[in-house]
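# Chain and residue survey
The chain contents come next:
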Amino acid sequence: MSHTFGIRQAQKQKTRQALLDAALVLLEEQSLSSLGLREVTRAVGVAPTAFYRHFRSTADLGVALVEEALGSLHPMIRTTVTTSENSEERITRAVQLISRHVTAYPAHVRFIARERHGGVQPVREAIRAQLVRFAEEVKAELAKDPEAEGWNDDDLLMLAHLYVDQMLITASLFLEALEAPEDERERVTQVATRQMRLISIGRHHWLD
């Protein structure tokens, strides 16, 4: 009996993932607000009623995609501001990590970029909640840095949000240059590095 249950659970998870994957492909060409569940189920080859065994609505599916796209990134985001290296090394590593992530998961990055200010409120709220969590985690890492001495919590959180917002901007820049020639991608790397460096310089002089 337990063996049969395990098989069913595995199949259910497989179908759920197939729905997420199909939706992500379809969302390359449209926004979530225009996506129909019949499109998704047709792409997977299941009946429309099967959709509701996994998601309450396309908005619910969108929230699951947010978790898939951003939920696993928390360790990477914290790594970008770790205090174990100097600021220039941190910036270089951060830009490299973002570039590699965009190359590996362009559809997820495109989905977040489009839906962050899109028309589906639960998805916007899910993205916002993830970004707030990122900022809190970055703030906790920044607070460990000796350079944070004298900073109050509000200013540290403001700085953390600056870094998180800049990471999103950098991801968007790399996404736009994904199919561009190598020299254009290198230009994006240089621009992203300079922008992060500007934040770092402002940080060093904030208490002056």
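Before going into details, it helps to say that this report is about the structure given with it. Treat the numbers as computed from the prediction; the structure is a model and nothing was measured.

## Re the layout of surface pockets
- The space that makes up the largest pocket amounts to roughly 330 Å³.
- Of all the elements, helix α9 (residues 153–176) adds the most residues to the lining of the largest pocket, at six residues.
- Across the lining of the largest pocket, the residue classes tally to 16 nonpolar, four polar and one charged.

## Quick look at the nonpolar core
- Counting residues in hydrophobic clusters, the biggest one holds 60 residues, and the most contacted among them are Leu61, Leu65, Val66, Leu70, Phe111 and Leu142.
- Top contributing element to this core by residue count: α9, with 10 residues.
- With near-sequence residues (within four places) excluded, Leu61 lies in contact with Leu19, Leu20, Ala23, Val40, Phe51 and Phe55.

## Side note on the environment of Ala69
- Considering the arrangement of structural elements, one finds Ala69 in helix α4 (residues 58–70).
- Each C-alpha atom of the pair Ala69 and Ala126 lies 11 Å from the other, and the pair is 57 residues apart in sequence.
- Excluding residues within four positions of it along the chain, Ala69 makes contact with His108 and Ile112.

Rules behind the numbers
Residues numbered from 1 in each chain as written. Predicted model: local features only at pLDDT ≥ 70, side-chain atom pairs only at ≥ 80, totals over all residues. Heavy atoms only, no water. 1 Å grid on protein atoms, 1.4 Å probe; cavity = no way out; pocket = protein on both sides within 12 Å on 5 of 7 lines; lining within 4 Å. Points joined across faces, edges and corners; volume = space filled by probe spheres on them. Helix = DSSP H or I, 4+ residues; strand = E, 2+ residues; numbered from the N terminus. Nonpolar A, V, L, I, M, F, W, Y, C, P; charged D, E, K, R; others polar. Core = buried A, V, L, I, M, F, W, Y, C linked by side-chain atoms within 4.5 Å. Buried < 20%, exposed > 50% of the residue type's maximum accessible area, 1.4 Å probe, protein only. Contact = heavy atoms within 4.5 Å.

In short, geometric facts, not functional conclusions.
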